[in-house]
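Structural features, examined
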Number of protein chains: 2
Amino acid sequence: MATSYLNSNADGPRTLVDKVYVQLRAAIMDGDIEPGAKISEPELAKNFGVSRSSLREAIAKLESSNLVERQANVGARVVTLSNESLLEIYQVRESLEGLAARLAAENMTDAEIEHLHSLLNLQSKCGKSISRAEYKSVDFDFHYCIVLGSHNERLIRMLSRDLFELVHFYRKKFSGSGPRPDQALIEHTEIVAAIARRDGEMAEVMMRHHIRAAREHAKKSFTSEHHTIPGSLDK
Amino acid sequence: MATSYLNSNADGPRTLVDKVYVQLRAAIMDGDIEPGAKISEPELAKNFGVSRSSLREAIAKLESSNLVERQANVGARVVTLSNESLLEIYQVRESLEGLAARLAAENMTDAEIEHLHSLLNLQSKCGKSISRAEYKSVDFDFHYCIVLGSHNERLIRMLSRDLFELVHFYRKKFSGSGPRPDQALIEHTEIVAAIARRDGEMAEVMMRHHIRAAREHAKKSFTSEHHTIPGSLDK
DNA sequence: TGCGACGGTATTGTCGACAATCTGCCCAAA
DNA sequence: TTTGGGCAGATTGTCGACAATACCGTCGCA
């Protein structure tokens, strides 16, 4: 019931390339492959036990998910995570998820709103007796639920395909700059209330505020953090 | 000097796949391949004179540009353009380009603002003595210039890679619901003024208004248009 | 000693062939 | 006549090999 969104493929990867894609993505997100590290096609193909063609196609998918960058005749590298690009992502999220919240208030079905309430309950109940990873999962499901509630396919695809995987990536990497569980719960509650009363304007305002607060929180933890990023020194 | 944005590759395609990608994209946008049409790998590979592998990689890129959709073991089809999805795109653009305008007001260099002015001049001078295609090109350069002026790499990539090609596609297809040149020029002028005086809030408001107006214009022309889309009848 | 050309090695780009899956048609049974 | 299964053709998925390019250490020369 948790786990949520990473399985956009209905029932398991249907093709070899998909399997490799999922595994490679996990390897990147878990840090088994360092950010900025080169991706060697022959080596990885052997590791996964597939041909280079399949691996190349998987890499292409990773590239379209913004997790790796390719250069012609040179190769692919895992993206490097800079503080600046994280702040950029927050800016885009503020705009896009604000839109999602407004549309969700207008378009969500009653059943969807009910589900949103249950997610909120879950979040408030487990309180602090929960690991950081679990908290992040709950928090993520909440945001994702609202995005789905927008009923705007284009918006859903842009957020889930192009942004959320990067967000996950960052969260795994910067496990510092921890969440603000208490404040976040309050803000989530306000957002749900606005959606439930079909107040799109307010839902958008609250969501934007919520994300901007998270951005400022991250920003602050950067400046106090000596300006260095773990893993940013290797060429 | 126009032509503008479609050449994100610095100096021509460096690889075969890129060449095929560019040609295929052009073929789709020019309507040489109908929306919703199936893409046969063996046939197209022969037409382009390349192997299926290269063609497949090009198709994967098209898919990440949202111009084709693939299904495992079935094949790829050119996306179908529905009125609803066009309206969805307008919604996302309103949010994202609004953000771009605000950031542009904050971050554009004086030289960039100067360039923006020159684009505006160009648009106002040629007036009506200009073909529709040329007008669209000028209009597009204007929007793209502001997006670049945001100096937010993530935003730039999302707009240009994931949205603008679709926008072009729609414009080529629905050449009806023509532009509103006079009104658009007024709105563009206001946006530039706001940016030039570094008024981010106002720039965002104006840009959102501008795009919402275009959306309403398109919506209106749909309802008056008998509810049919050209080329939507073939399975 | 430092700089630039050269060559070997490894990696990426491209290709054609084989295997797995789907599509459409035909035929048989109810 | 209709429905279901199965066969044949075509299309997609996967693979390994060859060609082109980039990387790196060496050598020669100023």
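Residues numbered from 1 in each chain as written. Chains lettered and ligands numbered in written order. Predicted model: local features only at pLDDT ≥ 70, side-chain atom pairs only at ≥ 80, totals over all residues. Heavy atoms only, no water.

Take the protein's contact with DNA strand C next. Taken together, 20 residues sit near DNA strand C, with Arg52 and Arg56 of chain A together with Thr15, Leu16 and Ser54 of chain B positioned nearest. Those atoms of DNA strand C that come within 4 Å of the protein belong to sugar or phosphate at a rate of 67%. Residue arginine 70 of chain A places a side-chain N or O atom 3.4 Å away from a phosphate oxygen belonging to DNA strand C. Counting only elements with at least two residues in the surface near DNA strand C, the list comes to strand E1 (38-39), helix H2 (41-48) and helix H3 (52-64) of chain A together with helix H1 (16-29) and helix H3 (52-64) of chain B. For the surface near DNA strand C, the element with the highest residue contribution is H3 of chain B, accounting for three residues. Looking at the surface near DNA strand C residue by residue, the classes come out as seven nonpolar, seven polar and six charged. (Near = heavy atom within 4 Å. Polar contact = N/O pair within 3.5 Å; in protein donor to acceptor, adjacent residues only side chain to side chain. Helix = DSSP H or I, 4+ residues; strand = E, 2+ residues; numbered from the N terminus. Nonpolar A, V, L, I, M, F, W, Y, C, P; charged D, E, K, R; others polar.)

Residues and elements named next belong to chain A. The strand order E1-E3-E2 describes an open sheet built from three strands, whose pairing is antiparallel. Looking at the sheet topology across the chains shown, the edges are occupied by E1 and strand E2 (68-71). Both E1 and strand E3 (residues 75-78) contribute to a ladder of two bridges, which runs antiparallel. Directly across from lysine 38, in E3, lies its bridge partner arginine 77. The strands touched by H3 within the sheet are E1, E2 and E3, with E2 carrying the most contacts at an inclination of about 115°. (Pairing = 2+ DSSP bridges. Contact = heavy atoms within 4.5 Å. Axes fitted to C-alpha atoms, helices over the stretch in contact; angles between N-to-C directions.)

The next thing to look at is the relation of the copies chain B and chain A. Once chain B has been moved 0.0 Å along the axis and rotated by 180°, it coincides with chain A to within an RMSD of 0.0 Å. Expressed as a symmetry operation, the mapping of one chain copy onto the other fits a two-fold axis. Interface residue correspondence from chain B to chain A reaches 100%, placing this contact among same-surface, isologous pairings. (Least-squares fit on C-alpha atoms with pLDDT ≥ 70 in both.)

Mapped onto the elements of the fold, arginine 102 of chain A is located in helix H4 (residues 83-107). Along the primary structure arginine 102 of chain A and methionine 202 of chain A are separated by 100 residues, whereas in three dimensions their C-alpha atoms are 7.7 Å apart. The contact partners of arginine 102 of chain A, leaving out residues within four places of it in the chain, are Gly200 and Glu204 of chain A together with Glu94 and Arg208 of chain B. Among the polar contacts listed, one links the side chain of arginine 102 of chain A to the side chain of glutamate 204 of chain A, at a separation of 2.7 Å.

To continue, consider the protein's contact with DNA strand D. Close to DNA strand D lie 20 residues; Thr15, Leu16 and Ser54 of chain A together with Arg52 and Arg56 of chain B are nearest. Within 4 Å of the protein, the atoms of DNA strand D are drawn from sugar and phosphate moieties in a proportion of 69%. The separation between a phosphate oxygen of DNA strand D and a polar main-chain atom of serine 51 of chain A is 3.0 Å. Serine 54 of chain A has a polar side-chain atom sitting 2.8 Å from a phosphate oxygen of DNA strand D. For the surface near DNA strand D, the secondary structure elements donating two or more residues are helix H1 (16-29) and H3 of chain A together with strand E1 (38-39), helix H2 (41-48) and H3 of chain B. When the residues that make up the surface near DNA strand D are grouped by side-chain class, the tally is eight nonpolar, seven polar and five charged.

Okay, the nonpolar core next. In terms of nonpolar packing, the biggest core is built from 129 residues, with Leu96, Ile146 and Ile195 of chain A together with Leu96, Ile146 and Ile195 of chain B touching the most fellow members. If near-sequence neighbours (up to four positions away) are discounted, isoleucine 146 of chain A is found in contact with Ala100, Ala101, Ala104, Met108, Leu116, Ile191, Ile195 and Met207 of chain A. (Core = buried A, V, L, I, M, F, W, Y, C linked by side-chain atoms within 4.5 Å. Buried < 20%, exposed > 50% of the residue type's maximum accessible area, 1.4 Å probe, protein only.)

Another point: the pattern of salt bridges. In the structure shown here, the tally under the stated rule is 36 salt bridges over all chains. With a shortest N-O distance of 3.3 Å, aspartate 199 of chain A and arginine 197 of chain A are connected by a salt bridge. Here the residues in one salt-bridge network are Glu94, Arg102, Glu204, Arg208 and Arg212 of chain A together with Glu94, Arg102, Glu204, Arg208 and Arg212 of chain B, joined through shared partners. (Salt bridge = Lys/Arg side-chain N within 4 Å of Asp/Glu carboxyl O.)

Residues and elements named next belong to chain A. Split into domains, chain A comes out as domain 1 (9-78) and domain 2 (83-223). Averaged C-alpha coordinates put domain 1 and domain 2 at centres separated by 28 Å. Contact with domain 1, which involves 12 residues of that partner, is made by eight residues of domain 2. For the domain 1 and domain 2 pair, buried surface summed over both sides reaches about 890 Å², with 57% attributable to carbon and sulfur atoms. (Domains from an automatic or database assignment. Buried area = accessible area lost by both parts, 1.4 Å probe.)

Take the interface of chain B and chain A next. Taken together, the contact between chain B and chain A spans 30 residues of the former and 30 residues of the latter. Taken over both partners, the interface formed by chain B and chain A buries close to 2600 Å², and the fraction arising from carbon and sulfur atoms is 48%. When the buried area of chain B at its contact with chain A is split by residue, Glu88, Arg154 and Met158 of chain B rank highest and sum to 21% of it. Here chain B and chain A share 10 salt bridges between them. Residues glutamate 57 of chain B and arginine 70 of chain A are paired through a salt bridge, measuring 3.7 Å at the closest nitrogen-oxygen approach. Linking chain B with chain A are 13 residue pairs in polar contact (both at pLDDT 80 or more), by the criterion used here. Tallying contributions element by element places helix H4 (residues 83-107) of chain B first for the side of chain B that touches chain A, with 10 residues. By residue class, the composition of the side of chain B that touches chain A is nine nonpolar, six polar and 15 charged.

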